[in-house]
Amino acid sequence: MAREVKYAGGSDYQSALAVHQHCGVSLLRAHRIARNYTLVEAVEALKEILAARGTPSAGLRHQRLSQWEHGQDVPSTHYLDALCFLYRTRPDRLGFGHDYSDADAVPQNGIQDAMDRRHFVSLAAAGAMFMPAPPGVGLFGDGFDPPGGRRATAAYVGLLEDITEQNGYQLYAPPAEFIPARMVDLARAEAGLLTATSEEIRRRLQRVYAKNSGFIAIRLTDVASAGDAFEWYGIARRAARLADDATVQAWIAARTGDACAWHHQFKSGMSAAYAAQSVGARRANSSAVMGYLAEAGVQARLGRRRETLEAIRNAERMFAELPEAETVADGFRVSEYLLRWHQANSLALVGAHAEAAPLRMFVRELPLANHDQVGWALLNLDEAAAHIAAGELESGCHTITTTWQQLATYCRVGQVQDRVLELLQSLDSRHAVTRQVAEVRELVESGTAGRETVT
């Protein structure tokens, strides 16, 4: 059940809540079940967290965790905080206390706040990657041992890896929530890199760093400028090289190619797409599939119909050969939603509207479509393009307007805004001066006009 919620784009908490409601177990137990931990495994993970903090855990046994899960006892403050860290949540979502905050507590300038923090963390990231391990006695004395320090074993790094694997399922969360959370994960990896002495541990931490930086880059591709996204792709690419992980490098190359297509960096996009396609000696793998989809996006924007269709067919053929584990919607692999979305979009961009329409309808029926607001909006704009191409200007403008008005505020920048302006600029001079077009242009360029949805 938890896996099905995740595959549909649900959060960790939604997965645990589904287990809680269906099975009648406590929220604390539901979180453990949703993450597929046994009692013993959860206790060992908690001990690693506490050891990394220098907190004693000698009295922690699986029987004690079971008592907490069945409401027979309540964890002390330091145990509760470790549980929140393990399950990536807050106390009330584990069944302890209540959340009294306002429903709309995230400030309207949350994205800008996240972007401001990004500049600080990116500088810290670059430094942390190359700084040597500090001496045994540092500024904080002998007692200070950060996560990743002497007492942070490979099991603790394994916990960071597990957290990172879960992060991909949250990729379509609002950026003002998703990006700062990934920065926290980067800070944990940085702390480990500062003190890690084992080369294997360093490579694993660089892999964690590369994946979380890649997630930030992917999200920024949707809602920010090219410079913001490519800066983070560069950080991810360097970390992946230091991790010496060809699979992660191919994943970053494929996603970079896709971002280059959106930002009209066609030469770089083709190079990145080809790099992703070459991994695994052309054997079926999700990065190569994404590489073909990135190529299709570039070719479509260059107006090359034959090459676009060929890239789409190559992606289709290789996707059909993937094992089921390579098609989950976890941010690293290529789900059917991602495949069909990109196929529909590339077909629309190259003017193959009749072929794109049934694919759009199929994509909208997939569960992940309910969580990907940017993807939903871009599909609607492809439909508007089809109306305009058929001479139905009024219908096209209506589709653009209704889509814009239903968008969350954070989606009214980046790809969506660029695509709307691209559609308006493609109109001939006779249509460009009509009242409908003028109203759409005013709506979009005002940025906040017509706001109806915030989250």
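Structure shown above.
Residues numbered from 1 in each chain as written. Predicted model: local features only at pLDDT ≥ 70, side-chain atom pairs only at ≥ 80, totals over all residues. Heavy atoms only, no water.

Q: Would you mind going over the packing of aromatic side chains with me for this structure?
A: Two numbers describe a pair of aromatic rings. These are the distance of the centres and the angle of the planes. This model, assessed by the stated rule, comprises 8 aromatic pairs. With 5.3 Å between their ring centres and 45° between their planes, Trp 68 and Tyr 79 make a pair best called tilted. You can see Trp 68 sitting in helix H5 (residues 62-69) and its partner Tyr 79 sitting in helix H6 (residues 77-87), a full 11 residues away along the chain. Both residues of the pair, Trp 68 and Tyr 79, belong to the buried class. Here Trp 262 and Trp 341 contribute two aromatic rings whose centre-to-centre distance is 6.2 Å and whose plane-to-plane angle is 40°, an arrangement assigned as tilted. With a gap of 79 residues between them, Trp 262 in helix H12 (residues 246-262) and Trp 341 in helix H16 (residues 336-349) connect regions that are remote in the sequence. Of the residues examined, Trp 341 reaches a relative accessible area of 6% and is grouped as buried. (Phe/Tyr/Trp six-rings, centres within 6.5 Å; stacked < 30°, edge-to-face > 60°. Helix = DSSP H or I, 4+ residues; strand = E, 2+ residues; numbered from the N terminus. Buried < 20%, exposed > 50% of the residue type's maximum accessible area, 1.4 Å probe, protein only.)

Q: What is the right way to look at the pattern of salt bridges in this model?
A: Pairing is possible between side chains that carry opposite charge, provided their charged atoms lie close to one another. Taken as a whole, this structure holds 23 salt bridges when the rule is applied. Put simply, Arg 182 and Asp 185 hold a salt bridge, and the shortest N to O gap is 3.1 Å. With Arg 182 and Asp 185 both in helix H9 (residues 175-195) and 3 residues apart, this pair spans about one turn of that helix. The pair Arg 182 / Asp 185 is uniform in exposure class, with both members buried. Arg 306 is the salt-bridge partner of Glu 307, the closest N and O atoms lying 3.1 Å from each other. Via salt bridges that share partners, Arg 88, Arg 182, Asp 185 and Arg 188 belong to a single interconnected network. (Salt bridge = Lys/Arg side-chain N within 4 Å of Asp/Glu carboxyl O.)

Q: In this structure, what is going on with the side chain of Asn 345? I would like to understand it.
A: Within the secondary structure, Asn 345 sits in helix H16. For Asn 345, a relative accessible area of 3% gives the class buried. Apart from residues lying up to four places away in sequence, Asn 345 is in contact with Trp 262, Arg 301 and Asp 382. (Contact = heavy atoms within 4.5 Å.)

Q: How should unusual backbone geometry be read in this particular structure?
A: Excluding glycine, most residues fall at negative phi; most peptide bonds, likewise, are trans. For Asp 244, which is not glycine, the phi dihedral falls at a positive 55°. Residue placement: Asp 244 occurs in the loop between helix H11 (226-243) and H12. Look at Asp 244 and you get exposed, because its relative accessible area is 62%. Positive phi outside glycine occurs at His 264, with the angle close to 60°.

Q: Whenever I open this one, H12 confuses me. Can you help?
A: In an α-helix, one turn spans 3.6 residues, which is why side chains three or four residues apart end up on the same side. An ideal rise of 1.5 Å per residue puts 24 Å on 17 residues; H12 measures up with 25 Å between its terminal C-alpha atoms. Extensive coverage of H12 is indicated by the burial of 14 of its 17 residues. A distance of 3.0 Å separates the backbone nitrogen of Thr 247 from a side-chain oxygen at the start of H12, and that oxygen is part of Asp 245. Once H12 finishes, His 264 follows within two positions and takes phi at roughly 60°, a positive value. (Expected span 1.5 Å × (residues − 1). Polar contact = N/O pair within 3.5 Å; in protein donor to acceptor, adjacent residues only side chain to side chain.)

Q: Would you explain the environment of Arg 306 in this entry?
A: Checked against the element boundaries, Arg 306 lands in helix H15 (residues 305-321). By relative accessible area, which is 61% here, Arg 306 ends up exposed. For the pair Arg 306 and Ala 296, spaced 10 residues apart in sequence, the C-alpha separation works out to 10.0 Å. A distance of 3.1 Å separates polar atoms of two side chains, one belonging to Arg 306 and the other to Glu 307.

Q: What should I look at first to understand the nonpolar core in this one?
A: Soluble globular proteins tend to bury their nonpolar side chains together. Residues Val 289, Val 334, Tyr 337 and Val 416 are the most contacted members of the largest nonpolar core, which totals 61 residues. Residue contributions to this core peak at 8 residues, all from helix H18 (residues 373-389). In this structure, Tyr 337 is in contact with Tyr 172, Val 363, Leu 366, Leu 368, Ala 369, Asp 372 and Gly 375, ignoring residues within four places of it in sequence. In this structure, Leu 94, Val 157, Ile 201 and Trp 232 belong to the second largest nonpolar core, which totals 58 residues. (Core = buried A, V, L, I, M, F, W, Y, C linked by side-chain atoms within 4.5 Å.)

Q: What should I look at first to understand the packing of helix H19 (residues 393-406) against helix H22 (residues 435-446) in this one?
A: The contact between H19 and H22 brings their axes to 10 Å, and the two run at 20°. Between H19 and H22, the interaxial angle falls into the category roughly parallel. Along this stretch, H19 crosses H22, giving a crossing that reads as left-handed. Contacts between H19 and H22 involve Leu 393, Glu 394, Cys 397, Ile 400, Thr 401 and Trp 404 on the former and, on the latter, Gln 436, Val 437, Val 440, Leu 443 and Val 444. Partitioned by chemical class, the residues of the contact of H19 with H22 number 8 nonpolar, 2 polar and 1 charged. (Axes fitted to C-alpha atoms, helices over the stretch in contact; angles between N-to-C directions. Parallel < 35°, antiparallel > 145°, perpendicular 65-115°, else oblique. Left-handed = near helix turned anticlockwise from the far one by under 90°. Nonpolar A, V, L, I, M, F, W, Y, C, P; charged D, E, K, R; others polar.)

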